[in-house]
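As a plain string of letters, each chain reads:
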Amino acid sequence: MDILEKCRPWTAEHLRATGRDCYFRAIGDTFDGTEADFEGRRVIVAASHDYLGLSAEPRVREAAVAAVRRFGTSLGGSRAVSGSLELHEELENDLAAFLGHEAAAVLPSGYQANLMLAPLLGDGDTVFSDFSNHVSLEEAVRLGRANERKFLHGNLDHLEELLSTADGIGNGNGGAGTRGDGSGTGGKLILTDGVFSVDGDVCDLPGLMKLADAHGARVVVDSSHDLGVLGPTGAGAGEHFGLRPDLVTSALSKSLASVGGVIAGPADVIRYLRFHARTALFTAAASPANVAAALAALRLLRAEPERRVRVLDLAERLHNGLRALGFDTGASVTPVVPVLVPGREQCMRMWRELFEAGVFAAPMVHPVVRTGREVLRITLTAAHTDDQLARVLAAFEHVGRVEGVIPGSAPASHTPVRIARPRGPRTLTATHDGRPLGAGVRRPTP
């Protein structure tokens, strides 16, 4: 059989018939980071993760332009050979300090930052992954050689059961990953998103780290969707709860208005990964423009907390405006707003009608979500205006009623959403490990 034969049915007609033509739409132009020209139609972009609205910020753009003028568009090599700039190290040092860790490594993408975990996951090790983790964390486990055990989304009882079962291996019974003397040789790692990218809920980091302490496991948090959004200074889920996970990863393409990724943790771990992670060794360095943009955005994130306040305020109003109309936004308490539209066909049809009404949302269908749990994901940024919020709500009201997703008149009551907000300054504590950056280290305020 021709290996390309599987591709034959994927015609333009097939994409239209299955609703997949809503993906890979080309933007002609953008306007202030909040609206865009899609194929001649100007729409409100309600599907961007530029949470703080910094991608259109002149100071971020100028930083990128200045880096291109100084260093060119590409460094022509990997960080290990000829691609390292002092600019990379400056961003890494600033990100490490911001995230409360000793060191950090910057990668060309957030996906690659998560794949950088693979060298830690060897034979005999076991990874415990939330079912709703981002696919890049799942790929990191596949790239490594560890066993993976998935726990039901946010279900700490299930995780504890899995950890306890793993603890039982090696209690004098021998078997894979054990010495047969009552202690396993394999390590344990718990992987979780900080804010889950589709459901918009926040991980129970205190519960996860308590279980990690009890079972000798380490914790890695992907903070791509909470960096810049959660915590008193915007440092993410760890700061939000006053805890320091063992390692933190994040994309730089959300609140930091660039392209790239970062992994932060103890200096010896980051140094080890630099020399063992193929995703870092065998790839060109992140471009000067992207590094400079992320560095400028990070400094604005810290200097202008009003941006974070604005995006949280808009998110709360969006959640509650939709709920008042009869929509279900699930368990989200963040700017990731999933609107339940059950049924693939109806979800795709509603996306198309919203597009016609001037709103660009993000349809999430199987295999991203379970069949019957399809959602239209909406994200507004700090740069969106009150008028744009009103237009988004008006479009959802009209299309939702036409499609029968919401009743013809607003429900008498609804359960309001209280967005996840800072509760004051936090002291970061590490629950196990006793490294130099251990309990009681307070993050400097911007």
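Residues numbered from 1 in each chain as written. Predicted model: local features only at pLDDT ≥ 70, side-chain atom pairs only at ≥ 80, totals over all residues. Heavy atoms only, no water.

## What to know about the overall build of the protein
Move 1: Within the protein one finds 14 helices and 16 strands.
Move 2: Overall size of the protein, expressed as C-alpha extent along the three principal axes, is 65 × 60 × 55 Å.
Move 3: Out of the 446 residues in the protein, the part that is buried amounts to 52%.
Move 4: If you take every contact in the protein between residues at least 6 apart in sequence, the share linking residues at least 24 apart comes to 70%.
Move 5: When the accessible surface of the protein is split by element, carbon and sulfur atoms take 53% of a total near 19,500 Å².
Move 6: Averaging the locations of the 47 positively and 53 negatively charged side chains of the protein gives two centres separated by 1 Å. (Helix = DSSP H or I, 4+ residues; strand = E, 2+ residues; numbered from the N terminus. Buried < 20%, exposed > 50% of the residue type's maximum accessible area, 1.4 Å probe, protein only. Contact = heavy atoms within 4.5 Å. Areas by Shrake-Rupley, 256 points an atom, 1.4 Å probe, with all protein chains shown as cover. Lys, Arg positive; Asp, Glu negative; His and termini not counted. Charge placed at Lys NZ, Arg CZ, Asp CG, Glu CD.)

## Comments concerning the pairing of strand 2 (residues 35-38)
Move 1: Here four bridges tie strand 1 (residues 27-31) to strand 2, and the two strands are oriented antiparallel to one another. Looking across to strand 2, one finds that phenylalanine 31 is bridged to glutamate 35.
Move 2: What sits between strand 1 and strand 2 in their antiparallel hairpin is a turn of three residues, with aspartate 32 showing a positive phi close to 60°.
Move 3: For strand 2 and strand 3 (residues 41-45), the ladder comprises four bridges, and the chain directions are antiparallel. Looking at the pairing, phenylalanine 38 lines up with arginine 41 of strand 3. (Pairing = 2+ DSSP bridges.)

## Description of the packing of aromatic side chains
Move 1: Throughout the structure, instances matching the rule amount to six aromatic pairs.
Move 2: Ring plane angle 85° and centroid distance 5.7 Å describe the contact between phenylalanine 327 and phenylalanine 396, whose orientation is recorded as edge-to-face. With phenylalanine 327 in the loop between helix 12 (306-325) and strand 11 (337-340) and phenylalanine 396 in helix 14 (residues 386-403), this residue pair connects regions lying 69 residues apart in the sequence.
Move 3: Residue classification places phenylalanine 327 among the buried positions, given a relative accessible area of 4%.
Move 4: Note on phenylalanine 396: relative accessible area 0%, which makes it buried. (Phe/Tyr/Trp six-rings, centres within 6.5 Å; stacked < 30°, edge-to-face > 60°.)

## Focus: helix 9 (residues 267-276)
Move 1: Among the residues of helix 9, those classed as buried are Val269, Ile270 and Leu273. Along the axis of helix 9, the buried positions cluster into a sector of 95°, meaning they face one direction only.
Move 2: Where helix 9 is buried, its residues touch strand 4 (103-107), strand 9 (247-251) and strand 10 (261-265). (Arc of directions from axis to C-beta.)

## Thoughts on the pattern of salt bridges
Move 1: By the definition in use, this model includes 29 salt bridges.
Move 2: As a salt-bridge pair, arginine 307 and glutamate 57 come within 2.9 Å of each other at their nearest N and O atoms. With arginine 307 in helix 12 and glutamate 57 in the loop between strand 3 and helix 2 (58-71), this residue pair connects regions lying 250 residues apart in the sequence.
Move 3: For arginine 307, a relative accessible area of 15% corresponds to the buried category.
Move 4: Take glutamate 57: its relative accessible area is 11%, and that puts it in the buried class.
Move 5: Aspartate 386 serves as the salt-bridge partner of arginine 317, at 3.1 Å between the closest nitrogen and oxygen. In this pair, arginine 317 is assigned in helix 12 and aspartate 386 in helix 14, connecting sequence segments 69 residues apart.
Move 6: Taken together, the shared-partner salt bridges in this structure form one network comprising Glu35, Arg42, Asp387 and Arg391. (Salt bridge = Lys/Arg side-chain N within 4 Å of Asp/Glu carboxyl O.)

## Some remarks on the nonpolar core
Move 1: Counting 47 residues, the largest nonpolar core has Leu54, Val60, Leu91, Leu95, Val106, Leu252 and Leu256 as its most contacted members.
Move 2: At the level of secondary structure, the elements contributing two or more residues to this core comprise helix 2, helix 3 (86-99), strand 4, strand 10, helix 11 (288-303) and helix 12.
Move 3: The leading source of residues in this core is helix 11, at 11 residues.
Move 4: Once residues within four sequence positions are removed from consideration, leucine 54 is found in contact with Val60, Ser255, Ala257, Ala297, Leu300 and Arg307.
Move 5: With 34 residues, the next largest nonpolar core counts Val341, Met348, Met350 and Ala395 among its residues. (Core = buried A, V, L, I, M, F, W, Y, C linked by side-chain atoms within 4.5 Å.)

## So, the sheet that holds strand 3
Move 1: Taken in spatial order, the four strands make up an open sheet running 1-2-3-12, and their pairing is mixed. Only two strands of the sheet have a single partner each, and these edge strands are strand 1 and strand 12 (359-360).
Move 2: Where strand 3 and strand 12 come together, two bridges link them in parallel fashion. Looking at the pairing, isoleucine 44 lines up with valine 359 of strand 12.

## Here we look at the sheet that holds strand 5 (residues 126-130)
Move 1: Reading across from one edge, 4-10-9-8-7-5-6 is the order of the seven strands in this open sheet, with mixed pairing throughout. In this open sheet, the two edge strands, each paired with only one partner strand, are strand 4 and strand 6 (147-151). Taken pair by pair, the neighbouring strands of this sheet meet at an average axis angle of 20°, ignoring direction.
Move 2: Of the strands in this sheet, strand 5, strand 6, strand 7 (188-193) and strand 8 (217-222) are in contact with helix 5 (residues 135-143), which crosses strand 7 at around 160°. (Axes fitted to C-alpha atoms, helices over the stretch in contact; angles between N-to-C directions.)

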